[in-house]
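Read off the chains here:
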Amino acid sequence: METLTLVVFGATGDLARRKLYPAIANNIMSGLLPKDTRLIGTARQVMTDQGYRRLVEESAGRSWPKSAPLTYLSGDADQPAVHQALAEHLKGTRGLHLFYLAVPTQLIGPVVARLAEAKLGRSRGRVIVEKPFGVDEASARTLNRQMQKAFAEGEIYRIDHYLGKETVQNILVFRFSNGVMEPLWNRGQIDHVQITAAETIGIEGRSDYYDHSGALRDMVQNHLLQLLALTAMEPPAVFSAEGVRSEKVKVLSAVRPVRAEDAVRGQYQAGMVEGVRVRAYTAEPGVAKDSRRETFCALRVFIDNWRWHGVPFYLRTGKRLPERATRIQVVFKAPPLDLFEGAAQTNILTIHIQPDERISLRIGAKRPGLGTHVDPVEMEFVYASSFRSASAEAYERLLVDATQGDPTLFTREDEVEAAWRVLDPLVQRWDRETSCPPYAAGSWGPQTAAALIARDGRTWLDP
Ligand code: BG6
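Here, residues in each chain are numbered from 1, in the same order as that chain's written sequence. Owing to the predicted nature of the model, reporting of local features is limited to residues with pLDDT of at least 70; listing and counting of side-chain atom pairs is limited to 80 or more, with chain, interface and lining totals taken over all residues. Based on all heavy atoms of the structure, the side-chain values leave hydrogens and waters out of the count.

Q: Would you mind showing me how to read the site of the ligand here?
A: A cutoff of 4 Å decides nearness: a residue is near a molecule or strand if any of its heavy atoms lies inside that distance of it. Every residue lining the ligand is accounted for by Lys131, His161, Tyr162, Lys165, Glu199, Ile201, Arg206, Asp218, Met219, His223, Lys319 and Gln354. Pairing of N or O atoms within 3.5 Å defines a polar contact, subject to two protein rules: one partner must be a possible hydrogen donor and the other a possible acceptor, and residues neighboring in sequence count only if both atoms are side-chain atoms. Between the ligand and Lys165 there is a distance of 2.6 Å, counted from an oxygen atom to a side-chain nitrogen or oxygen. We get accessible surface area from the Shrake-Rupley algorithm with a probe of 1.4 Å; when it comes to residues, only the shown protein chains can shield them. Here the ligand has 390 Å² of accessible area as a free molecule, and 84% of this is covered by the chains. Note on conventions: DSSP H or I runs of at least 4 residues are helices, E runs of at least 2 residues are strands, and numbering of each starts at the N terminus. Here the shell around the ligand gets three residues from one element, more than from any other, and that element is helix α7 (residues 207-232). When residues are grouped by polarity, Ala, Val, Leu, Ile, Met, Phe, Trp, Tyr, Cys and Pro land in nonpolar, Asp, Glu, Lys and Arg in charged, and all others, Gly among them, in polar. Along the lines of polarity and charge, the residues of the shell around the ligand split into three nonpolar, three polar and six charged.

Written out as structure tokens, the structure is:
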């Protein structure tokens, strides 16, 4: 295995602590990253190498492997000094330099520019960049240009951690390794699709980031549109990074930019979530009392291509909802004749991304006994009973892929721009809104969300 130096910008931040260090530690332990992986953390905070080791070990919940050296460099990521120190440090090291940018989006451009000035870019460097990638289409485009000055596109890995989830990767396998799906997977058979990413958590102390972002930028531009792309894309000619990513770009380019009348937003108020009383969004530490940032949104989306013309995709996500569940529900058209007196079933195929990972198909079945009564039942594939092995954490898988140079599960420059283009009219409009409709924590969002789908004679498929 090639020698690896992993440089983390934003080394003391929430993401590094919650996701990155546990993933790096697990990967080194299980031999998926080299035993002697060199970890260099950099952030503003002044800290010794020892202090950094403690922070990393606490985050990873285990002692750091003795074989893996660990260093901390303090400094401003957008200033030359820390990059010069880094260059000094990396002098004479062999193997791959992987720069992990877990920094706010506005710092990404300056950081890569400083890396290039310190000659740490093109030669042996690869960069992983966290979301959000820009704040709209124009800024994403600018960021792409800035990054490509320092690194070749092939060495830029834009992360969307949903793509690292086993159940998300299985969407393409489910669709394209089973011949039975394809004839059903189109406007002829499908009435509509619902994609829900519901969370019970609030903003978990991330007010600095979240209050500038909101649900649309935080979840829809990346995770939800990726789920939509995987559900709706055409089969690639070959299963390769470029094959898969080109098809995703193609379908995202066919998504009609969302109009204001096809979207609703909301902000959580105080309420009860899973039996616990929680505060309102504007009472969260660090959030302005008059913040108008949305913590919920629901959208009706159309794809203007032959497969999907006229089939609405309803997307919704929110914080402080009644349950944690991410799922894709494909609702099929009703049978042409109702032979069993009002019992004709709407078949619903649900891909449960998390938790309780499974795929189920709702069908009608005859209730045992006299007469002919039809009940809805579920046919299921359950990961936990079909497969013994637990799935790897998304970040573990993505780190390995980035190290090995496989970009399939990372978003390409044109893909991230295409996703922003879908939402651009909305982000700009919502940034100017002077109010945000409330919803009680523990509810399924504002009334307007129900109205958005009811307008089409449909309802959200809550459990
Ligand atoms: C992150 C968002 O990208 O995804 C968070 O910034 C959100 O706000 C998280 O909570 C959800 O990820 P997961 O893997 O818990 O569904």
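Additional details are given in the paragraphs that follow.
Q: I would appreciate a short explanation of the side chain of Thr37 in the present structure.
A: Turning to its location among the elements, Thr37 is positioned in the loop between α1 (14-29) and β2 (38-43). A polar contact of 2.6 Å, which involves the side chain of Thr37, links it to the backbone oxygen of Pro34. Dropping the residues within four chain positions of it, Thr37 is found in contact with Leu4, Leu6, Ile28, Ala68 and Pro69. Contacts are residue-level and defined by heavy atoms, with any inter-residue pair within 4.5 Å sufficient.

Q: Where do I start with the sheet that holds β2 in this structure?
A: The strands making up a sheet are joined through hydrogen bonds of the backbone, oriented either antiparallel or parallel. Paired strands, as defined in this entry, are two strands with at least two bridges between them according to DSSP. Strand order in the open sheet formed by six strands is β3-β2-β1-β4-β5-β6, and the pairing between neighbours is parallel. The strands lining the two open edges of the sheet, one partner per strand, are β3 (70-74) and β6 (156-158). Here the strands of the sheet are splayed against their neighbours by 20 degrees on average, with no regard to which way each runs. Note: strand β1 (residues 4-9) against strand β4 (residues 96-101), six bridges, orientation parallel. Across the sheet, residue Leu6 finds its bridge partner in β4, namely Leu98. In the packing of α1 onto the sheet, the strands contacted are β1, β2 and β4, and the crossing angle to β1 comes to about 170 degrees. With axes taken as lines fitted to C-alpha atoms, and helix axes fitted only over the stretch in contact, angles between N-to-C directions fall between 0 and 180 degrees.

Q: Teacher, can you tell me more about the environment of Gly51 here?
A: On the secondary structure map, Gly51 appears in helix α2 (residues 49-60). Put simply, Gly51 and Val8 are 43 residues apart on the chain and 15 Å apart in space, counted from C-alpha to C-alpha.

Q: Would you mind going over the packing of aromatic side chains with me for this structure?
A: Aromatic ring pairs: the centre-centre distance and the angle between the two ring planes describe each pair. Note on ring pairs: Phe, Tyr and Trp rings are taken, using the six-membered ring of Trp, and paired if centres are within 6.5 Å. Classes follow the plane angle, with under 30 degrees stacked, over 60 edge-to-face and the rest tilted. Going through the model one piece at a time under the given rule, you end up with 13 aromatic pairs. For the pair Tyr21 and Tyr52, a centre-to-centre distance of 5.9 Å together with 80 degrees between the ring planes defines the contact as edge-to-face. Of the two residues, Tyr21 sits in helix α1 while Tyr52 sits in helix α2, which places them 31 residues apart along the sequence. For the residue pair Tyr21 and Tyr52, the accessibility class agrees, reading buried in each case. Grouping aromatic residues by their ring pairs yields a cluster made of Tyr209, Tyr210, Tyr268 and Tyr281. Only protein chains enter the accessibility calculation, which uses a 1.4 Å probe; a residue whose area is less than 20% of its type maximum is buried, one above 50% is exposed, and one in between is partly exposed.

Q: Explanation requested: the pattern of salt bridges in the structure shown.
A: Each reported salt bridge corresponds to a side-chain nitrogen of Lys or Arg within 4 Å of a carboxyl oxygen of Asp or Glu. Overall, the coordinates contain 39 salt bridges when judged by the stated rule. When the shortest N-O distance is used, the salt bridge between Lys319 and Glu199 registers 2.6 Å. Highlighted residues: Lys319 in the loop between β12 (313-318) and β13 (325-332) and Glu199 in the loop between β7 (190-198) and α7, separated in sequence by 120 residues. For Lys319, a relative accessible area of 3% puts it in the buried group. Between Asp431 and Arg217 there is a salt bridge, with its nearest N and O atoms 2.8 Å apart. Residue Asp431 is located in helix α11 (residues 413-432), and its partner Arg217 is located in helix α7; the two are separated by 214 residues in the primary sequence. Connected through shared salt-bridge partners, Arg259, Glu261, Asp262, Arg300, Arg455 and Asp456 make up one network.

Q: Looking at this structure, how should I read the domain arrangement of the chain?
A: Partitioning the chain into structural domains gives domain 1 (4-130) and domain 2 (163-391 + 411-454). Each of domain 1 and domain 2 was reduced to a C-alpha centroid, and the two centroids are 34 Å apart. These domain boundaries are the output of an automatic or database domain assignment.

Q: Would you mind going over the packing of α1 against α2 with me for this structure?
A: Geometrically, a packed helix pair is captured by the angle between its two axes and the distance between the axes. Two elements in contact, α1 and α2, have axes separated by 8 Å at closest approach and are oriented at 90 degrees. Judged by the inter-axis angle, α1 sits roughly perpendicular to α2. Between α1 and α2, the contacting residues are Arg17, Tyr21, Pro22 and Ala25 on the first element and Tyr52, Leu55, Val56, Ser59 and Ala60 on the second. Tallied by class, the residues present in the contact of α1 with α2 amount to seven nonpolar, one polar and one charged. Roughly parallel covers angles under 35 degrees, roughly antiparallel covers those over 145, roughly perpendicular covers 65 to 115, and oblique covers all other angles.

Q: Hey, could you run me through the state of the cysteines in this one?
A: Simply put, disulfide is the name for a covalent bond between the sulfur atoms of two cysteines. The criterion for a disulfide is a pair of cysteine sulfur atoms lying within 2.5 Å. In total, this model carries zero disulfides according to the counting rule given. With no disulfide of its own, Cys297 lies closest to Cys436 among cysteine sulfurs, the gap being 9.7 Å. We classify Cys436 as buried; its relative accessible area is 13%.

Q: Teacher, can you tell me more about a nonpolar patch on the surface here?
A: Among the surface-exposed residues, Leu337, Leu339 and Phe340 lie close enough to one another that they form a single nonpolar patch of about 370 Å² accessible area. The topology assignment puts Leu337 in the loop between β13 and β14 (348-354). Taking relative accessible area as the criterion, Leu337 reaches 64% and is therefore assigned exposed. Patch criteria: residues need more than 30% relative accessible area and no salt bridge. Like-charged residues are merged within 9 Å; nonpolar side chains of Val, Leu, Ile, Met, Phe, Trp and Tyr are merged within 5 Å.

Q: How should I be thinking about α7 in this particular structure?
A: Helical geometry note: an α-helix holds 3.6 residues per turn, so side chains three or four residues apart project in the same direction. What we call the bend at a residue is the angle made by axes fitted to the seven residues finishing there and the seven residues starting there. Of all the bends found along α7, the most pronounced is centred on Gly214 and spans about 100 degrees. For α7, the tally of buried residues reaches 23 of 26 residues, placing the bulk of the element in the interior.

Q: Which parts of the structure should I look at to understand the pairing of β14?
A: Looking along a regular strand, one sees the side chains alternate between the two faces of the sheet. Of all the seven residues making up β14, seven are buried; the element is thus mostly covered by neighbouring parts of the structure. As defined by bridge partners, β13 adjoins β14 across six bridges and the pair is classed as antiparallel. Residue pairing in the sheet places Val330 in a bridge with Leu349 of β14. Bridge analysis of β14 against strand β15 (residues 358-366) gives five bridges, and the strand direction is antiparallel. By the bridge assignment for β15, Ile351 is matched with Ile359. The turn joining β14 and β15, which pair antiparallel and follow one another in sequence, is formed by three residues; a positive phi near 55 degrees is taken by Asp356.

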